[in-house]
Every structure is written in structure tokens, then in C-alpha cells.
Amino acid sequence: MGYPDRAVRGRGWRGLTLLVWVAAVSLVLVADGRRVRQPRCPAGCTCTKDNALCENVRSVPHTFPSDVVSLSFVKSGFNEITGGSFVHTPALQLLLISPKANEIFLTHRFIENNKIASISPYAFRGLKTLIHLSLAYNNLETLPKDVFKGMDALTKVDLRGNNLICDCKLKWLVEWMHHTNATLDQIYCSGPPLQQGKKINDLLPHSFDCMTAEFASYQSLKFESISVEAFTFGKEQYVVFAQPFAGTCSFLEWDHVEMTFRMYDTIESTSTVVCKPMVIDNHLFVIVAQLFGGSHIYKRDTSANKFIKIQDIDILKIRKPNDIETFMIDGESFFVIADSSKAGSTTVYKWNGNGFYSHQSLHPWYRDTDVEYLEISNKPHLILSSSSQRPVVYQWNRSQKQFDRRTDIPEMEDVFSVKHFRVKGDLFICLTRFIGDSKVMRWDGAMFKEVQTFPSRGSMVFQPVSIGNWQYAIMGSDYSLTQVYQWDTKRGQFVPSQELNIQAPRSFSLVAIDDRVFLLASSFKGKTQIYEHLMIDLSN
């Protein structure tokens with residue numbers, strides 16, 4: 001075991017020098033081995049100290065030496081530049097891709113005449129020192145957002161000879177042009193029709209209308225419902241669904257932690273068709289309309305934290321309730337129940353401080369299916385739709401404190417419901433038909449005139465809803481998907497926007513909570529649905 005030690009000691013300083021020399025040689029070999037593992041010039045290419053020339057290659061090689069400054073492709077056979085193509089050439093300043101060998105020495109012509117139709121968003125990543133980029137005379141219709149990100153040395157970009165579509169996908173380029181130091185040659189838009197033939201250099205970011213919206217499925221509730229209402233009470237938002245088969249009014253509240261709607265309370269009833277909330281002097285009342293057993297009014301007892309029945313509604317007047325509308329006139333609170341029976345009468349009720357009493361009977365014996373409160377020329381009106389005659393318009397008589405019949409809406413028999421909305425001060429109504437065509441009408445100062453017609457076989461709800469500057473009309477159907485229409489200001493009409501899968505919808509309502517807006521959709525034959533209204537920037 002001692003021989004090796006004696007051998008080294010015997011050689012003295014000469015042995016130690018030998019060991020040092022061997023270690024040094026080993027380090028040199030390792031370093032040299034690392035240099036050998038550096039990327040070599042790829043097959044089909046010729047490389048000098050800082051230049052590389054490739055011919056007849058089918059894609060961009062990823063193995064160039066990192067100190068290449070000039071890279072040229074001739075007779076190239078690729079029509080797409082994929083992500084990371086030049087990430088291993090960080091020092092690149094000159095890039096040429098040409099289909100012809102005799103164009104290799106043309107100064108500052110880079111990726112031209114190659115029929116390139118698409119470029120990866122990361123195609124030019126790593127080209128921090130590139131100063132001139134040409135994509136001229138290719139088949140490009142668009143460019144991916146931020147494709148020039150990190151190319152701070154760029155002084156010129158050439159996009160001539162492409163068929164650029166100046167839509168929202170190219171909005172970023174217009175924004176980039178207004179902030180970059182690089183110059184672009186004059187180029188023209190090939191589309192869309194609104195921008196066709198315009199110089200892209202003259203466009204401004206606000207020239208693009210790229211914001212759109214959609215209703216996205218958010219939550220599904222495990223019960224059927226026939227009506228839905230959203231309301232505010234005690235600074236909190238609630239929703240209530242009428243469940244005819246379960247015989248309940250189901251109240252839901254928003255869970256700010258779990259970000260879902262959860263059960264809050266219920267009112268037990270029979271064959272419930274409408275649960276209408278009404279807040280008077282910070283007290284919550286709920287009018288519960290039933291097909292059998294009469295209708296009732298409940299009040300929320302905040303001390304006991306429950307609903308208490310305070311009043312029954314005259315069963316001789318309200319035999320088959322179908323809709324309830326609440327409103328205020330001159331500071332006084334009213335509600336009206338549309339009765340659809342042969343012997344009942346649509347009736348207006350008024351709050352007297354202690355309870356509700358019958359104020360006025362309207363439209364006896366006419367089988368009213370819906371009632372809508374609205375103001376026409378700043379005067380209170382009611383519109384009653386009926387299964388036996390045309391919709392009737394009533395106007396409030398302030399001296400008599402009653403509604404007087406004013407007119408009807410011609411050529412609109414068998415309307416199931418009427419709902420109103422406003423666009424820039426103009427008053428419109430949506431009229432729903434189960435058989436035949438539903439319609440949108442506009443008030444012209446004397447009469448409602450037809451604006452648009454919609455095929456609506458099987459529809460029992462055609463509900464307008466407004467969210468900020470967005471105006472929608474949602475048509476439910478028992479035989480097809482629910483159609484969402486969006487108001488087109490330029491056309492003055494609704495245009496198709498989206499389809500929703502809801503089984504036999506009967507009503508829709510909106511609720512805004514935590515800077516979010518939800519669409520509540522009742523379903524008579526399936527699960528009640530909740531959708532969220534989402535804003536979408538098409539330029540992203």
C-alpha cells in the first residue's frame with residue numbers, strides 16, 4: 001500500500017510537475033471538447049466567421065453558430081416561419097430568404113417573394129440587433145400580435161405586396177406603428193370591406209371596433225322554474241324563481257367568497273307561476289301568484305328572518321294569474337295582475353300603508369296573458385296582451401287616478417307577451433307569438449309601427465335586456481335553441497349574436513353583482529341556467 005507514495009516522493013518536484021501538466025492538459029481537452037459541442041454549420045449551408053448561406057432547405061435549421069451576423073436562404077422551400085426559428089442567432093443583423101439564387105446580394109431584401117402565408121408569434125424572437133426586416137410580396141393576410149416584440153433595433157419594416165386584412169387581429173400593428181421608431185412603407189388594406197383600399201399607415205387604433213360580448217354558461221341549478229326576478233333588498237342582491245312543480249318561491253343570494261348563487265330562503269305555495277318582489281319603505285313584499293288555491297302576499301319579517309303571509313288576493317277577480325307587474329306613479333306603489341281565465345279580470349292593486357287593496361279592474365273576460373308598465377311621452381301606460389284580441393294600450397288619467405283605454409296595436413292578434421326597451425330615446429316593444437311571427441315595433445309619436453319580424457314558432461318569451469351600451473333581445477323556444485339578438489345601431493335592427501341551450505325557457509332577468517353581470521334563465525322542462533355576460537376584445 002505504500003509503494004505509490006514512495007514513488008512520488010522519490011521523483012520529488014519532477015513528479016509533482018508531471019501531475020500538474022497532466023491536469024492542465026485535461027482541462028484544455030475538456031474546454032476543447034466543449035468548443036466541439038458548439039452548434040456547427042447545418043447541412044445544406046455554408047458558414048464563414050459571421051455569415052451563413054443555405055440553399056434548397058425545407059425549413060429553418062436551429063443549429064447555426066451563435067455569432068452569425070448575416071443569414072441567407074436561397075431557393076428556399078418553406079412557406080411558414082415557425083416559432084423559435086432564429087432564437088439561436090441572437091447576433092443576427094441581416095436576414096435574407098429568397099427563391100432565386102441571383103437575389104442573394106440585393107441589399108436589405110429579406111423574406112420576399114416566398115409565398116409565405118403564416119408566421120409564428122415567436123418567429124423573430126432573439127433578433128435583438130436586427131435593423132431591417134422585409135416581408136414584402138408574400139401571401140400574408142395578417143401578422144400575429146407582438147411578432148416584433150423585443151426587436152428594438154428595427155429601423156425599417158417592409159410589408160408591401162401582401163394581402164393584409166385590416167381587421168381587429170391587425171389592430172396591434174396600427175398601435176405599434178404609432179409607438180415605434182421604425183418606418184413602414186405605404187401599404188394598403190385588402191379587407192374587410194370597411195377598410196378595403198385604405199392605407200394602413202393612415203389608420204388609427206380607434207378606427208377598429210373590436211369589443212364584443214357573449215353570454216357564457218356559469219351555473220346550472222337543479223330545478224325547473226317558470227319565472228325569475230332579480231331585486232335589491234338591504235343593499236344585497238337576490239333572485240327568486242317560481243317553481244310550479246315543487247310549489248315554492250326559491251330565493252337565492254350571491255356568495256361573495258365562493259362566487260356562486262346559493263339558496264337563501266323559500267316560500268311554500270301551490271302551483272306557483274309568479275313570485276314578484278316589491279320593496280316599499282325598506283320593507284320587502286312578495287306577491288305569490290298561484291293557479292290553484294288563490295294568490296297571496298308575503299312580507300319579510302327581518303327580526304324573525306322569515307316570510308310571513310299578510311294578505312290573500314280576491315280569488316273572484318284573480319282566477320288564473322299569468323303575470324305581475326309592479327310600478328310607482330306620483331310616489332304611490334301599485335301592482336297589476338294579468339288574469340288569463342274566462343271569468344277573471346286583470347286588476348290593479350294599490351298600497352295604502354297597511355296593505356294592498358283593489359284599485360281598478362281592467363279588461364274583464366279577455367284572457368290577458370301579460371301586462372307591461374312603461375312610460376310613453378313621460379306618461380304612465382299599461383299594455384295588456386291577450387289570447388283573444390289585439391294588445392290594448394291604457395294611459396294613466398292623473399285627475400281620475402285610473403287607467404283609461406287609449407288604443408290597441410293593429411294586426412297583432414294572439415300576442416303572448418309584450419316587453420319594452422329604449423335605444424337613444426326611442427321607445428320599442430318586443431311582441432311574442434307562440435304561433436306566427438314575433439315582432440319589434442317602434443313608437444312613432446302616435447302609434448307603434450313594425451320595425452322587424454322574427455320567426456318564432458314555439459316561443460313564449462321574447463325578452464329585451466340592456467347591459468351598459470349593449471342592447472339584446474332574447475327569444476326562447478320550446479322547439480329550438482334560444483336565440484340571442486344584438487341591436488345594430490347602424491341598421492336600427494337586431495342581428496343574430498348567439499345561441500343558448502335552454503329547455504323551454506319562460507323568462508329572463510339580469511342581476512349585477514361584484515362588477516359582473518349575470519343572465520338568469522328559467523326553464524320549464526329542464527335545469528334553470530345562469531350565464532355570465534363577458535366582454536371580449538377581438539384584437540387579443
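Residues numbered from 1 in each chain as written. Predicted model: local features only at pLDDT ≥ 70, side-chain atom pairs only at ≥ 80, totals over all residues. Heavy atoms only, no water.

The name an unreviewed UniProt entry assigns to the protein is Leucine-rich glioma-inactivated protein 1, from the organism Amphiprion ocellaris.

Before going further, it helps to examine the state of the cysteines. A complete count under the given rule lists 5 disulfides for this structure. Disulfide pairing places C41 opposite C47 at an S-S distance of 2.0 Å. Its S-S torsion of about 75 degrees marks the bond between C41 and C47 as right-handed, since a negative value means left-handed. On the basis of relative accessibility, which here comes to 30%, the residue C41 falls in the partly exposed class. Through a disulfide, C45 is tied to C54; the S-S separation comes to 1.9 Å. The disulfide joining C45 to C54 has a torsion of about 105 degrees about its S-S bond and is therefore right-handed. With respect to burial, C45 and C54 carry one shared label: buried. Looking at the protein, its bonded cysteines, counted consecutively from the start of the sequence, adopt the pairing 1-3, 2-4, 5-7, 6-8, 9-10. (Disulfide = S-S within 2.5 Å. Buried < 20%, exposed > 50% of the residue type's maximum accessible area, 1.4 Å probe, protein only.)

Okay, the packing of aromatic side chains next. Counted by the stated rule, this structure contains 34 aromatic pairs. Between F285 and F356, the aromatic rings sit 5.7 Å apart at their centres with planes inclined by 90 degrees, giving edge-to-face as the arrangement. Of the two residues, F285 sits in strand β16 (residues 283-290) while F356 sits in strand β22 (residues 356-364), which places them 71 residues apart along the sequence. Relative accessible area serves as the criterion here: at 2%, F285 is assigned to the buried category. An angle of 80 degrees between the planes, with centres 4.9 Å apart, marks the rings of W487 and F494 as edge-to-face. For the pair shown, W487 and F494 are each scored as buried. Here a set of aromatic residues connected by ring pairs shows up, and it is made of F231, Y238, F251, Y264 and F307. Its guanidinium or amino end placed over the ring of F307, R300 lies 4.6 Å from that ring's centre, counting from NZ or CZ. (Phe/Tyr/Trp six-rings, centres within 6.5 Å; stacked < 30°, edge-to-face > 60°. Helix = DSSP H or I, 4+ residues; strand = E, 2+ residues; numbered from the N terminus. Lys NZ or Arg CZ within 6 Å of the ring centre and 35° of its normal.)

Before going further, it helps to examine the sheet that holds strand β10 (residues 211-221). Strand order in this open sheet of 4 strands is β10-β37-β36-β35, and the pairing throughout is antiparallel. The two strands at the open ends of the sheet, each matched to only one other strand, are β10 and β35 (505-513). When the angles between neighbouring strand axes are averaged without regard to direction, this sheet yields 25 degrees. Where β35 lies against strand β36 (residues 516-523), 7 bridges are found, and the strand directions are antiparallel. Bridge pairing links A512 to V517 in β36. (Pairing = 2+ DSSP bridges. Axes fitted to C-alpha atoms, helices over the stretch in contact; angles between N-to-C directions.)

Strand pairs in the sheet, formed through backbone hydrogen bonds, run parallel or antiparallel to each other. Pairing within the open sheet is antiparallel, and its 4 strands lie in the order β15-β16-β17-β18. Among the strands making up the open sheet, the edge pair consists of β15 (272-280) and β18 (306-313). Within this sheet the neighbouring strands show an average axis-to-axis angle of 25 degrees, counted without direction. Taken together, the 4 bridges between β16 and strand β17 (residues 295-301) define a ladder with antiparallel strand orientation. Bridge pairing in β17 links V288 to H296.

On to unusual backbone geometry. P192 follows G191 through a cis peptide bond whose omega is -5 degrees. With respect to the helices, strands and loops of the structure, P192 is situated in the loop between β9 (183-184) and β10. One non-glycine residue, S271, lies in the positive phi region at around 45 degrees. Within the fold, S271 resides in the loop between β14 (260-268) and β15. A positive phi is found at D514, a non-glycine position, where the angle reads about 50 degrees. You can call D514 partly exposed: its relative accessible area is 37%.

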